[in-house]
Amino acid sequence: MNFRRMRKLWHFFCYFIHVRKIWRWPRRADVLIFDVGRNPGFDQGFEELLRPYASESLPLLILEVNVPVLLASLFTRESRSKAYYDRYIARVAPRLVITYVDNNIGFYFLAARHKNIRTLFVQNGPRGSEVFEELDSMPATSQPRVDQMLVVASRYIPLYTKRFQGAVVPMGSLRNNLVPKRHARKAGTIAFISQYRNTDGFMWGGKFRTRQEFFEQADQLALSFLLDYSRKHGKELFIIPSTGSYQDGTLEKEQAYYNQLMGQSFTFSKWSWHGSSYDAVDTAEVVVGIDSALGYESAARGNKTAIFSMRSKLLQMTDRVYGWPVPHPDDGPFWTNRPDPAAFERILDHLFAISDVQWQAELAEHQFGNIMAYDPGNAILQSVLQGELGAPPPVAAHK
């Protein structure tokens, strides 16, 4: 036995010892939820929407492994993960496989290997070019297919119809649609949306971006401006944390990151449930984001929102401009792609000055619904599910 094989066996042994293990076969079901566990907020949303149907989950392999399926998948020439997914799907025998992890490339090839299933993804946030470039790098014979593609906005429709046959329907953000507006706005407040990640950097577009490059320089520019603006105009500034749901001390690291970056303490909104970030944007008079999904979602909810898409210029990342891939001017009434405090000030002065009625008219004038759709209650997704599975039974198939 060569060294490489021994190392693989050792890694597999260590994985198997530590991963959560399920010892029963998965149940047969009409719906299989693929890649569960990446985002608890989406898991909760799917669970709620699919409650009327008989469903089973396929969790991330790094979180949980089904031992009977694993054993059945060992004696094949396929890659271990591919064989595992195929055996899992064959055992559940679903009519529909659904996921919110639209950037897992492996999902696009399930339907080609399982002729009796239909597939559906719900896009979980704005996408950059890297997902589509990875798809374009696949061999022409790989036959990716998705039957139903529910995207956050119509701006993405050409990117998917170019690559797949199937229906593409804009529905907005599943989580944003699920959380109702129920909080009063507090006058004179500014909410900054954090995009903090507990990392030293990551690969993007084939290039390594350091933490300082991607996060620190944009955060420092935005917060330096917001601190000065708040002091000058008597506004109350707070930060909506990105990691509020984590229970491993990451939130404390996020708070320390901002306090150290700017040399002072900030107020952070409180996290109590998976809709807390939406509650927080609803309470602010003006919301400020760099290029976060929550910034676009906030505007879709009707909140006055500034989008400072400055990474597009700071890092020459063309897919980080406002509204990509649909071309827009670098500057608009509530957005800018330039790292320019003068542009930031113009936008905030404007948002604080206009009424809610004027804001809604402005969103309509600039066709913001094509940038981020909004469907409170997810009626569009429910309609698509009924088209795939039929009307839900009066009593849930299982609890």
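Residues numbered from 1 in each chain as written. Predicted model: local features only at pLDDT ≥ 70, side-chain atom pairs only at ≥ 80, totals over all residues. Heavy atoms only, no water.

*Asks:* Give a detailed account of the packing of aromatic side chains, specifying residues and quantitative values.
*Replies:* Ring pairs (aromatic) are described by centroid distance and by the angle formed between their planes. For the coordinates displayed, the defined rule picks out 31 aromatic pairs. Ring geometry for F334 against W359: centres 5.2 Å apart, planes inclined by 80 degrees, an arrangement best described as edge-to-face. Taken as a pair, F334 in the loop between α13 (311-314) and β15 (335-336) and W359 in helix α15 (residues 356-365) lie far apart in primary sequence, 25 residues in all. As far as burial versus exposure is concerned, F334 and W359 are alike and both buried. With centroids separated by 6.1 Å and ring planes inclined at 70 degrees, the aromatic side chains of F334 and F368 adopt a geometry described as edge-to-face. On the criterion of sequence distance, the pair formed by F334 in the loop between α13 and β15 and F368 in the loop between α15 and α16 (379-389) is long-range, its members being 34 residues apart. For the pair F334 and F368, one class covers both residues: buried. The rings of F34, Y84, Y85, Y88, F107, Y108, F121, F132, Y160, F164 and W324 are connected pair by pair, giving a single aromatic cluster. The ring centre of F352 lies 4.1 Å from the NZ or CZ of K235, which sits over that ring. Lying over the aromatic face of F214, R311 brings its terminal NZ or CZ to 4.3 Å of the ring centre. (Phe/Tyr/Trp six-rings, centres within 6.5 Å; stacked < 30°, edge-to-face > 60°. Helix = DSSP H or I, 4+ residues; strand = E, 2+ residues; numbered from the N terminus. Buried < 20%, exposed > 50% of the residue type's maximum accessible area, 1.4 Å probe, protein only. Lys NZ or Arg CZ within 6 Å of the ring centre and 35° of its normal.)

*Asks:* Which residues make up the pattern of salt bridges, and what values go with them?
*Replies:* Tallied over the full model, the rule gives 21 salt bridges. Its salt-bridge partner being K186, residue E236 comes within 3.0 Å of it at the nearest N-O pair. Residue E236 is located in strand β12 (residues 236-240), and its partner K186 is located in strand β9 (residues 186-193); the two are separated by 50 residues in the primary sequence. Take E236: its relative accessible area is 37%, and that puts it in the partly exposed class. R338 is the partner of D331 in a salt bridge, and the nearest nitrogen-oxygen pair spans 2.8 Å. For D331, a relative accessible area of 29% translates into the label partly exposed. One connected set of salt bridges, linked through shared partners, spans R118, R145, D147 and E388. (Salt bridge = Lys/Arg side-chain N within 4 Å of Asp/Glu carboxyl O.)

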